[in-house]
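# A structural walkthrough
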Amino acid sequence: MRQKVALVTGSSRGIGAAIAAELARAGYAVCINCIERVDLAEALAAKLRAEGCTAMVHRADVSDREAVFAMVRHIEDTLGPVDLLVSNAGIAEQRQFQDIEPAFWQRLFDVNVNGGFHCAQAVLPHMLHEHAGCMIFVSSIWGRHGASCEVAYASTKHAIIGLSRSLAAELAPSGIRVNCVAPGVIDTDMVQVLGQETLDALARDVIPMERLGRPEEIAHAVRFLADEASYTTGQVLMCDGGFFI
């Protein structure tokens, strides 16, 4: 039986790295995708291979459609066709709305939304042929709830939810499931820009579970949707410690 293959975009560190490790340890052959921190991606792949897992690294900017399709061809040649896509790559930056420049707005949509679009189209032919497959998009709690000074980022995350739910409806008759995970405040480099005082206040005063989430907890949610939730599609799984109840 062929080993299942997973592509996890933006997986050199943070949530993406935790997802790649979780899936590799669960038996997937994993492609770790990155654009900048190739060193971290290679270190993660080496660690997983030392554990007996199958892992490779491919550097590609998901906003570049040709680069994405070339990446998927490389994965197919090296590991086999992609059975599971985890579209995680994303960028974020806080700005007041009046300070958002068109180029900044476009860049966020190019990576956060168009990146998922390119990846989904690249892996879809095999899934349609096999009448099977799974796609999981990583959104955010700000994809369900607006956020001050996060208009651009939140807009992309809203779009990701719309993409995943609509695609789920379209692909369900073809045996392909599409779901979304919406993390809350997760202890990664991305949230450190808020400052420790703000993060402590969020944990103490806003999050009912009184702590930040861990990347591994988002990875567990992704694997659940990939491997255990066989009758679940078109859903948004909120992983936010009760931030929004």
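Read on for a plain summary of the structure. Remember, predicted model here, so these are calculated numbers, not experimental data.

### A word on the overall build of the protein chain
- A count of helical and extended segments in the protein chain gives 7 helices and 7 strands.
- Written out in order from the N terminus, the α and β elements of the protein chain read β-α-β-α-β-α-β-α-β-α-β-α-α-β.
- Taken over C-alpha atoms, the radius of gyration comes to 17 Å for the protein chain, in line with the 18 Å a tight globule of 245 residues would show.
- Over its C-alpha atoms, taken along the principal directions, the protein chain stretches across nearly 50 × 35 × 35 Å.

### As for the sheet that holds strand β1 (residues 5–8)
- If you walk across this open sheet you meet the 7 strands as β3-β2-β1-β4-β5-β6-β7, and the pairing is parallel. The outermost strands of the open sheet, each flanked by one partner alone, are β3 (54–59) and β7 (236–239). Strand-to-strand twist of the sheet, defined as the mean angle between neighbouring strand axes without regard to direction, takes the value 15 degrees.
- As defined by bridge partners, β1 adjoins strand β2 (residues 29–34) across 4 bridges and the pair is classed as parallel. Paired with Leu-7 across the bridge in β2 is Cys-31.
- Here helix α2 (residues 38–50) sits on the sheet and contacts β2 and β3; the angle it forms with β3, its principal contact strand, is near 170 degrees.
- Taken strand by strand, helix α7 (residues 215–228) contacts β4 (84–87), β5 (133–138), β6 (176–183) and β7, and its axis lies near 165 degrees from that of β6.

### As for the state of the cysteines
- Counted according to the given criterion, the structure contains 0 disulfides.
- Looking at Cys-119, it has no disulfide partner, and the nearest cysteine sulfur is the one in Cys-31, 9.8 Å off.
- The exposure class assigned to Cys-119 is buried, which follows from its relative accessible area of 1%.

### A word on the environment of Leu-194
- For Leu-194, the location among the structural elements is in the loop between β6 and α6 (196–206).
- On the basis of relative accessible area, Leu-194 is assigned to the partly exposed category, the value being 29%.
- As for Leu-194 and Asp-64, which are separated by 130 residues in sequence, their C-alpha atoms are 30 Å apart.

### Quick look at the packing of aromatic side chains
- Applying the stated criterion across every chain yields a total of 4 aromatic pairs.
- Considering the side-chain rings of Phe-243 and Phe-244, the 4.8 Å spacing of their centres and the 35 degrees angle between planes classify their relative orientation as tilted.
- Look at Phe-243 and you get buried, because its relative accessible area is 15%.
- For Phe-244, a relative accessible area of 29% corresponds to the partly exposed category.
- Ring-pair connections join several aromatic residues into one group, and the members of that group are Trp-142, Phe-243 and Phe-244.
- Between the NZ or CZ atom of Arg-95 and the centre of the ring of Phe-104, over which it lies, the distance is 3.8 Å.

Each value, and the rule that gives it
- Residues numbered from 1 in each chain as written.
- Predicted model: local features only at pLDDT ≥ 70, side-chain atom pairs only at ≥ 80, totals over all residues.
- Heavy atoms only, no water.
- Helix = DSSP H or I, 4+ residues; strand = E, 2+ residues; numbered from the N terminus.
- Rg over C-alpha atoms; globule rule 2.2 N^0.38 Å.
- Pairing = 2+ DSSP bridges.
- Axes fitted to C-alpha atoms, helices over the stretch in contact; angles between N-to-C directions.
- Contact = heavy atoms within 4.5 Å.
- Disulfide = S-S within 2.5 Å.
- Buried < 20%, exposed > 50% of the residue type's maximum accessible area, 1.4 Å probe, protein only.
- Phe/Tyr/Trp six-rings, centres within 6.5 Å; stacked < 30°, edge-to-face > 60°.
- Lys NZ or Arg CZ within 6 Å of the ring centre and 35° of its normal.

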